[in-house]
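# Analysis of the macromolecular model
Chain by chain, the residues run as shown.
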Amino acid sequence: EINSTLAEISKKNPIDSYNLLRNFIQKILNITSEEKILNDNLVFINSFEESDTKIITNFINFYLNKVNFSNYEISNYNKELVYTINKIKNNKDITADDLFQNTLYYQSILTYLKGEKVQFLDNQFAFFSTPSDLNFTNTRITRCYFLLIDHPYTSYKMLKGKLISKDLAMNTFLNSDNKPLKYTFDNSNLTVTRKNWVVYNNSWSDPNVANTLRGVILKKTDYFENPDEFFASIVLHLRQSGYDIPLNYSLITDYLSSNQPNKGNLDTDISNHEKKILRREVEGFADDFGYDLS
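Quick notes on the rules
- Residues numbered from 1 in each chain as written.
- Predicted model: local features only at pLDDT ≥ 70, side-chain atom pairs only at ≥ 80, totals over all residues.
- Heavy atoms only, no water.
- Pairing = 2+ DSSP bridges.
- Helix = DSSP H or I, 4+ residues; strand = E, 2+ residues; numbered from the N terminus.
- Axes fitted to C-alpha atoms, helices over the stretch in contact; angles between N-to-C directions.
- Contact = heavy atoms within 4.5 Å.
- Parallel < 35°, antiparallel > 145°, perpendicular 65-115°, else oblique.
- Left-handed = near helix turned anticlockwise from the far one by under 90°.
- Nonpolar A, V, L, I, M, F, W, Y, C, P; charged D, E, K, R; others polar.

### Examining the sheet that holds strand β1 (residues 42-46)
Sheet architecture is open: five strands sit in the order β2-β4-β1-β5-β8, paired in parallel fashion. Each edge of the sheet is formed by a strand with only one pairing partner; in this case those strands are β2 (72-76) and β8 (215-219). On average, each strand axis in the sheet is inclined to that of its neighbour by 20°, with strand direction left out of account. Here five bridges tie strand β5 (residues 142-149) to β8, and the two strands are oriented parallel to one another. Across the sheet, Tyr 145 pairs through a bridge with Gly 215, a residue of β8. Seen against the sheet, helix α11 (residues 227-240) touches β4 (118-123), β5 and β8 and runs at an angle of roughly 160° to β5.

Encoded structure:
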């Protein structure tokens, strides 16, 4: 009853739904019933480098089409977030503080506005919690997530090749100026708190976060070295998260026949000095995932 009522209000008047959620979200989240109270139709595709999310979303789009799983949509979280917020308030500058305090309400309304579809959303926000226990998302809203990580040296080399600047690449990787990303859509400016490479990846690979939100961590090296099993693990994770999707290796083979992994231009060299700076920042994370930093 709560679910159907909020769904109806969200579609008729998102502002009323927002105000109701602000008053009752904690009580709703504390309900222990297994019944669907909020719509858990969000699936986040997380990667520090936005272009890497396409490795996962392009495959999901191909595969779900082939198995006739039609009730889904692939989009960008920033775009959907601005779309939702603009239905609630006329806010042309969406700040980090606004999002820290209200993201759960915005996500809840998004799940109602697009309740008929699974939302696969590529995302560059780091996972966050607030003192009032308003996390980036919640299991009643998010069905599961993926985190794609790469060797830190390779990630840095990609940035260096793309930005054509050692200094810009290092600043982006380390977020030395502590500036968020900026995203503009529909005349609104969104502040995206990604932080640095280690903070971003640590936030989504944290065991508590992964266990609570059914997260799976994928390594880009596995994508290059064993793409069949890499893509099979994506299908299996969706199955384990409650989606009725068959695992069909022949479809994975069909996909790979025209979508072979491409390492791109990784000929960019990094000096011993650059490696020393990177090691100092990423050593603990690299050890946890078996990355050699020599």
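### Some remarks on the packing of helix α8 (residues 197-205) against helix α13 (residues 272-288)
The N-to-C vectors of α8 and α13 enclose an angle of 20°; their axes lie 10 Å apart at closest approach. Compared by their axis directions, α8 and α13 come out roughly parallel. Handedness of the α8/α13 crossing: left-handed. Packed against α8, whose contacting residues are Trp 197, Val 198, Asn 201, Asn 202 and Ser 205, the element α13 presents Glu 281, Val 282 and Phe 285 at the interface. Here the contact of α8 with α13 is composed, by residue class, of four nonpolar, three polar and one charged.

### Topic: the environment of Asn 46
Within the secondary structure, Asn 46 is located in strand β1. When the C-alpha positions of Asn 46 and Pro 152 are compared, they lie 16 Å apart, and in sequence the two are 106 residues distant. The contacts of Asn 46, once residues within four sequence positions are left out, are Thr 53, Asn 123, Tyr 145, Phe 146, Leu 147, Leu 148, Tyr 200 and Trp 204.

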